[in-house]
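Structural description and commentary
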Amino acid sequence: MISYDIVIIGGGPAGLAAAVSARKAGIDKILILERDKELGGILNQCIHNGFGLHTFKEELTGPEYAGRFIDQVLEAKIEYRLNTMVMDISPDRVVTAMSRADGMYQIQAGAVILAMGCRERPRGALNIPGYRPAGIFSAGTAQRLVNIEGYMPGREVVILGSGDIGLIMARRMTLEGAIVKVVAELLPYSGGLKRNIVQCLNDFDIPLKLSHTVVDIEGKEHVTAVTIAEVGKDMKPIPGTEERYTCDTLLLSCGLIPENELSNKAGIKMSPVTSGPIVNESLETNIPGVFACGNVLHVHDLVDYVSEEAKKAGESAAKFVKAGGKDTEGGHVIEVKATDGARYTVPTTINVDNMDDLLTVRFRVGAVYKDSFVSVYFDDERVMHNKKRILAPGEMEQVILQKKKLAEKPGLKTITVKIEAE
C-alpha cells in the first residue's frame, strides 16, 4: 500500500489552497485526488468576474482565480491524480480510490483533508408537479453547458430559485440572446448576494418574484410553459395567483448541499443545519486526522473565504502529521452555539490550547434582519454587540475571537452567537 503524509480529496479551490498551505507548513508527501479531468473544480465554469478581491486584491474570473492556485501547486511540485474517484475513507485514514489508469488501490494517509465541494439540490427534492420533459436543468448544469461545452439550453427561460448561480445564469443567458421571463423565489427574500441581484437582474430588467414557486410544468417531450403562483406563510400556493409563462427552459437554482456521501460513510458526525461535518477550531472532524474545509463543510458565498478556510485546514493537517498523528490531549474545550436568528457556527467547539491567536467563527442568519446586533456571549456575559444595517441569509457573517480573552476565563463553558434587536 502506498502512503502519503496528507491526502486531499478534491482539486477545486479548497483542495488547492489546502495543499499549498500544507506544503508551506513543511509537509513533502501530499497527494490531491480529483474526479474531474482537470484541476480547478467548479471555478472552471464560472467565467464571470468578482473573484479574488480578498485573496489577491484584484478582480478575477473563476478560471483565473483557480489558475493562480494551480500555478502554486505546480510550482511546489505537489502530486495530483485526475479522473480519480475516492470510494471510501476508513477510520484509520486508509483512502480507497479508483481510476481507469490505475484500477482500484489504497493509500495510507497521515491526515486526510475533505474538500469535495457541494452539489445542487435536484428537482426530485423540490416536489414540482408536472411532466418530466426535456428542458429542465439545474442552473449549474446550464452554466457548464453554456460556458464550457458551448451549448445553449434554450431561448425562453424561467428560473426557479434566486441563489447566486441562478442570478448569474439569468444574466449569462440574457447576454447569449435568450429572454429570461422571470426569476421566482419561494422564500420572501433572495438567497443570493445583493450585488448579484443588482448586476444580474436589475441591470437587465429581469423581474424577481419573491414568495413564488412553480406549480405546473407543461409539455410532454419538451417544456412548453411554466406556471408560477404566490405562496402564503405556510409555503402553500395561493389559489388565484397563478401566472403562466411560455418557455422552452426551466432552470432550477434551489440551494447547494455539501457533497458528503464519503463523509457519512466514514462515520463523520454531520451538522443537521449545514449538512456538512461538525468540526473544531482546527477544522478537524470527530475522526482524528480527518479535516474538512470549503463548501463540503458549509456552503460559502465567496471563494476567498473558501481559500482562507482551506489554508487553516492545511496548516492543521500539517501540525497533526508532525505530531506523529496524535491530537493534543485535554485542554480547555468550549462549546460554540448559534441561537436567536443565527443558524449555525463553524467551528462548534474550541480547544483554547490549540487555537491561533485569532479565530474566525463563521455563521449565517435564518432570515433578513435590519438594524440589528450580532451579539456574542461568554456563558451569560455579553462581550460583543456589533450593529449591522442588514443581515441576510445569502451573506455569510463572522465574529473574531481572541485566544488571550478566552484564556482569561478558564471556567468558560459556552460561547453563544445570537441576533438581537437592541
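Attention here is on the structure that accompanies the text. (Residues numbered from 1 in each chain as written. Predicted model: local features only at pLDDT ≥ 70, side-chain atom pairs only at ≥ 80, totals over all residues. Heavy atoms only, no water.)

**As for the sheet that holds strand 27 (residues 414-420)**
Formally: Strand pairing follows a simple DSSP-based rule, namely that at least 2 bridges must link the two strands. Going along the chain from the N terminus, every DSSP run of H or I of four or more residues is numbered as a helix, and every run of E of two or more is numbered as a strand. The angle between two axes is taken between their N-to-C directions and runs from 0 to 180 degrees, where each axis is a line fitted to C-alpha atoms and a helix contributes only its stretch in contact.
The mixed open sheet is built from five strands, whose spatial order is 22-20-27-24-25. One side of each edge strand has no neighbouring strand; the edge strands of this open sheet are strand 22 (349-351) and strand 25 (381-391). In this sheet, adjacent strand axes meet at a mean angle of 20° when their direction is disregarded. In terms of strand pairing, strand 20 (residues 333-339) meets strand 22 through three bridges, oriented antiparallel. Across the sheet, the residue bridging to Ile 334 is Ile 350, located in strand 22.

**With respect to the packing of helix 1 (residues 13-24) against helix 7 (residues 303-322)**
Inclusion rule: Should an angle fall under 35 degrees it is called roughly parallel, over 145 degrees roughly antiparallel, and 65 to 115 degrees roughly perpendicular, with every other angle called oblique. Note: crossing handedness is left-handed where the near helix turns anticlockwise from the far helix by less than a right angle, and right-handed where it turns clockwise. Residue contacts are counted whenever heavy atoms from the two residues lie within 4.5 Å of one another. Residue polarity is assigned by list, with Asp, Glu, Lys and Arg as charged and Ala, Val, Leu, Ile, Met, Phe, Trp, Tyr, Cys and Pro as nonpolar; anything else, Gly included, falls into the polar class.
Relative to each other, helix 1 and helix 7 sit at 40°, their axes nearing to 7 Å. The angle between helix 1 and helix 7 falls in the class oblique. The two elements helix 1 and helix 7 meet at a crossing, and its hand is right-handed. Residues Pro 13, Ala 14, Ala 17, Ala 18, Ser 21 and Ala 22 of helix 1 form the contact with helix 7, whose own contacting residues are Val 303, Val 306, Ser 307, Ala 310, Lys 311, Gly 314, Glu 315 and Ala 318. Residue classes in the contact of helix 1 with helix 7 are distributed as nine nonpolar, three polar and two charged.

**What about helix 7?**
For clarity, the cut-off: Multiplying one less than the number of residues by 1.5 Å gives the expected span of a helix. When a residue's accessible area, from a 1.4 Å probe over protein chains only, is under 20% of the maximum for its type it is buried; when over 50% it is exposed; and in between it is partly exposed.
The terminal C-alpha atoms of helix 7, which comprises 20 residues, lie 29 Å apart, in line with the 28 Å expected from a rise of 1.5 Å per residue. With 15 of its 20 residues buried, helix 7 lies for the most part within the structure. Phi turns positive one or two residues past the end of helix 7, at Gly 324, with a value near 75°.

**Thoughts on the nonpolar core**
Convention followed: What is meant by a nonpolar core is a set of buried Ala, Val, Leu, Ile, Met, Phe, Trp, Tyr and Cys residues, joined one to another through side-chain atoms within 4.5 Å.
With 68 residues, the main nonpolar core has Ile 6, Ile 8, Leu 33, Ile 113, Leu 114 and Cys 293 as its most contacted residues. In terms of nonpolar packing, the next biggest core, distinct from the first, is built from 22 residues, Val 352, Val 361, Ile 415 and Val 417 among them.

**Notes on the state of the cysteines**
Applicable threshold: When the sulfur atoms of two cysteines come within 2.5 Å, that pair is taken as a disulfide.
Counting across every chain of the model gives zero disulfides. In this model Cys 200 remains outside any disulfide bridge; the closest cysteine sulfur is found in Cys 46, 12 Å from its own.

**Some points on the packing of aromatic side chains**
This is how it is decided: Classification of ring pairs rests on two measures: the distance between centres of Phe, Tyr or Trp rings, Trp counted by its six-membered ring, which must be within 6.5 Å, and the angle between planes, read as stacked under 30 degrees, edge-to-face over 60 and tilted in between.
For the structure on display, the rule yields four aromatic pairs. Where Phe 56 meets Tyr 65, the ring centres are 5.4 Å apart and the plane angle is 70°; that geometry is what we call edge-to-face. Look at Tyr 65 and you get buried, because its relative accessible area is 0%. Members of the aromatic cluster, each reached through a chain of ring pairs, are Phe 56, Tyr 65 and Phe 69.

**Looking at the sheet that holds strand 14 (residues 212-218)**
Hydrogen bonds between backbone groups are what pair the strands of a sheet, and the pairing can be parallel or antiparallel. Taken in spatial order, the three strands of this open sheet run 14-15-16, and their pairing is antiparallel. Single-partner strands in this sheet number two, and they are strand 14 and strand 16 (243-246). Ignoring which end each strand starts from, the neighbouring axes of this sheet average 25° apart. Pairing geometry for strand 14 and strand 15 (residues 225-230), over six bridges, is antiparallel. Directly across from Val 214, in strand 15, lies its bridge partner Ile 228.

**Details of the packing of helix 1 against helix 2 (residues 62-75)**
Where helix 1 contacts helix 2, the axes come no closer than 9 Å and their chain directions differ by 35°. As helix 1 packs across helix 2, the resulting crossing turns out to be left-handed. Packed against helix 1, whose contacting residues are Leu 16, Ala 17, Val 20 and Lys 24, the element helix 2 presents Ala 66, Phe 69, Ile 70, Gln 72 and Val 73 at the interface. Here the residues of the contact of helix 1 with helix 2 sort into seven nonpolar, one polar and one charged.

**Observations concerning unusual backbone geometry**
For the bond running from Val 346 to Pro 347, omega is 5°, close enough to zero to count as cis. The residue Pro 347 is located in the loop between strand 21 (342-346) and strand 22 in this model. Of note, the phi angle at Lys 57 is positive, near 60°, even though the residue is not glycine. Position of Lys 57 relative to the elements: it lies in the loop between strand 3 (49-51) and strand 4 (60-61). Here Arg 93, not a glycine, exhibits a phi torsion of approximately 65°, which is positive. Assignment of secondary structure puts Arg 93 in the loop between strand 6 (84-89) and strand 7 (94-99). When its relative accessible area of 15% is taken as the criterion, Arg 93 is described as buried.

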